[in-house]
Amino acid sequence: MTRGAGSDVPADRKEIETGNMMRNYYGSLCTEMYEILHKEAPQDELTFYLSYAEKGMSILEPLCGSGRFLIPFLEKGYDISGMDLSKEMLAKLKEKSPNAKVIRGDILEFDSEQKYDYIFISSGSVSLFTDMALCEKILLKMKCLLKKGGKFVFAVDTIADRCPDNSEYKISISVKTKDGFDLVLKTKNNYDEITCTQFSPGIYELYNGTELLQKEEMDFQTHLYKFGEMERYLERAGFTNIIAYSSYEKTIAENNQTEMFLYECSF
């Protein structure tokens, strides 16, 4: 699996500088490539998240990115709000849906007197929180924002989704922009067996022919989960009803032989 904007994972993460790179932060070139490759939500994934929604519910999508899930919810008449850290991604969302209720901010600093009936985080984005102590704080925050009896639904990547290691940057994706420029993503990958962290730094380059117009670096990291691991964190956060699926058809997860786990949680 190609990481960064080649992956369909939106980002909302505290801006942590690593040299000149921002960890899991989607900048302008990354956002542009993401919009070209993943402008619309995959139908099976969208159907999965819509299956929990009912009219009259208050719905929150943290890490909403450029709105490929949030906007279809709006178009179907659901009361949904979103948040994300990337100003570039939210700008794209606002271009498509100017009246969408979204805010820019750090997910841990988000404070709301309102409690939500349904909260979902799509596309494995919870895996972006590779500091597990931080991840547990995120889960606790989701519980605090959820009404008793409400549903928190999300996905994570698994160890079956590990990328092959390669120590040198190689072109993984090349796309044409609307202006006819070439936008290239170069990546390399390294997997840490001890922490189950996939390190996939990327370099985005925008070319007009052979002329380099812009360059952007990204320190992309994800935590790859083992079967049964996330359940422990959810229980510590206070969730008491937890179901793990291995597909959007809600097949119960039984082992590590799946590229994602989907969780349905309540308390």
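One can find the structure itself at the top, above this paragraph.
Please read all numbers here as calculations on a predicted model, not as lab measurements.

Caption draft 1: Layout of the side chain of His223. Tracing the backbone through its elements, the reader meets His223 in strand 13 (residues 221-223). For His223, a relative accessible area of 3% corresponds to the buried category. Separated by 3.1 Å, the side chain of His223 and the backbone oxygen of Thr195 make a polar contact. Residues within four places of His223 in sequence aside, it is in contact with Ser127, Phe129, Thr130, Met132, Asp157, Thr195, Cys196, Thr197 and Glu229.

Caption draft 2: A look at the pattern of salt bridges. Enumeration according to the criterion identifies 10 salt bridges in this entry. A salt bridge links Asp165 to Arg162, with the shortest nitrogen-to-oxygen separation between them at 3.8 Å. The exposure class assigned to Asp165 is partly exposed, which follows from its relative accessible area of 42%. Arg162 sits in the partly exposed class, given a relative accessible area of 34%. With a shortest N-O distance of 2.8 Å, Arg162 and Glu193 are connected by a salt bridge. Taken as a pair, Arg162 in the loop between strand 7 (146-157) and strand 8 (166-176) and Glu193 in the loop between strand 9 (182-192) and strand 10 (197-199) lie far apart in primary sequence, 31 residues in all. Each of Arg162, Asp165 and Glu193 takes part in salt bridges that share partners, so that together they form one network.

Caption draft 3: Looking closely at the nonpolar core. Ranked by size, the top nonpolar core spans 33 residues in total, and within it Phe152, Phe154, Tyr225, Met230 and Tyr263 carry the most contacts. Elements with a contribution of two residues or more to this core: strand 6 (116-121), helix 5 (132-145), strand 7, helix 6 (229-237) and strand 15 (260-266). Ranked by residue count, the leading element in this core is helix 5, at seven residues. If sequence neighbours within four positions are ignored, Tyr263 has contacts with Phe152, Val153, Phe154, Val156, Met230, Glu231, Leu234, Ile242, Ile243 and Ala244.

Caption draft 4: Broad picture of the sheet that holds strand 15. Taken in spatial order, the seven strands of this open sheet run 5-4-3-6-7-15-14, and their pairing is mixed. Since the sheet does not close on itself, it has two edges, and those belong to strand 5 (101-104) and strand 14 (241-245), each with one partner. Strand-to-strand twist of the sheet, defined as the mean angle between neighbouring strand axes without regard to direction, takes the value 15 degrees. Sheet analysis places strand 14 next to strand 15, joined by five bridges and oriented antiparallel. Bridging across to strand 15, Ala244 finds its partner in Tyr263. Packing against the sheet, helix 2 (residues 43-50) makes contact with strand 6, strand 7, strand 14 and strand 15, and its axis sits at approximately 160 degrees to strand 7. Relative to strand 7, helix 5 is tilted by about 150 degrees, and along the sheet it contacts strand 3 (58-62), strand 6 and strand 7.

Caption draft 5: Layout of the packing of aromatic side chains. Counted by the stated rule, this structure contains 16 aromatic pairs. Taking the centre distance of 5.9 Å and the plane angle of 40 degrees together, the rings of Tyr52 and Tyr118 count as tilted. Of this pair, Tyr52 sits in the loop between helix 2 and strand 3 while Tyr118 sits in strand 6, and the two are 66 residues apart along the sequence. You can call Tyr52 buried: its relative accessible area is 9%. Classification of Tyr118 as buried rests on a relative accessible area of 0%. Here Phe239 and Phe267 contribute two aromatic rings whose centre-to-centre distance is 6.3 Å and whose plane-to-plane angle is 75 degrees, an arrangement assigned as edge-to-face. Of this pair, Phe239 sits in the loop between helix 6 and strand 14 while Phe267 sits in the segment after strand 15, placing them 28 residues apart in sequence. Through successive ring pairs, a cluster of aromatic residues spans Phe48, Tyr49, Tyr52, Phe69, Phe73, Tyr78, Tyr118, Phe120, Tyr245 and Tyr248. Lys55 extends its terminal NZ or CZ atom over the ring of Tyr78, reaching a point 5.3 Å from the ring centre. Here the basic side chain of Lys143 rests over the ring of Phe267, its NZ or CZ set 4.3 Å away from the ring centre.

Cut-offs used in this document
Residues numbered from 1 in each chain as written. Predicted model: local features only at pLDDT ≥ 70, side-chain atom pairs only at ≥ 80, totals over all residues. Heavy atoms only, no water. Helix = DSSP H or I, 4+ residues; strand = E, 2+ residues; numbered from the N terminus. Buried < 20%, exposed > 50% of the residue type's maximum accessible area, 1.4 Å probe, protein only. Polar contact = N/O pair within 3.5 Å; in protein donor to acceptor, adjacent residues only side chain to side chain. Contact = heavy atoms within 4.5 Å. Salt bridge = Lys/Arg side-chain N within 4 Å of Asp/Glu carboxyl O. Core = buried A, V, L, I, M, F, W, Y, C linked by side-chain atoms within 4.5 Å. Pairing = 2+ DSSP bridges. Axes fitted to C-alpha atoms, helices over the stretch in contact; angles between N-to-C directions. Phe/Tyr/Trp six-rings, centres within 6.5 Å; stacked < 30°, edge-to-face > 60°. Lys NZ or Arg CZ within 6 Å of the ring centre and 35° of its normal.

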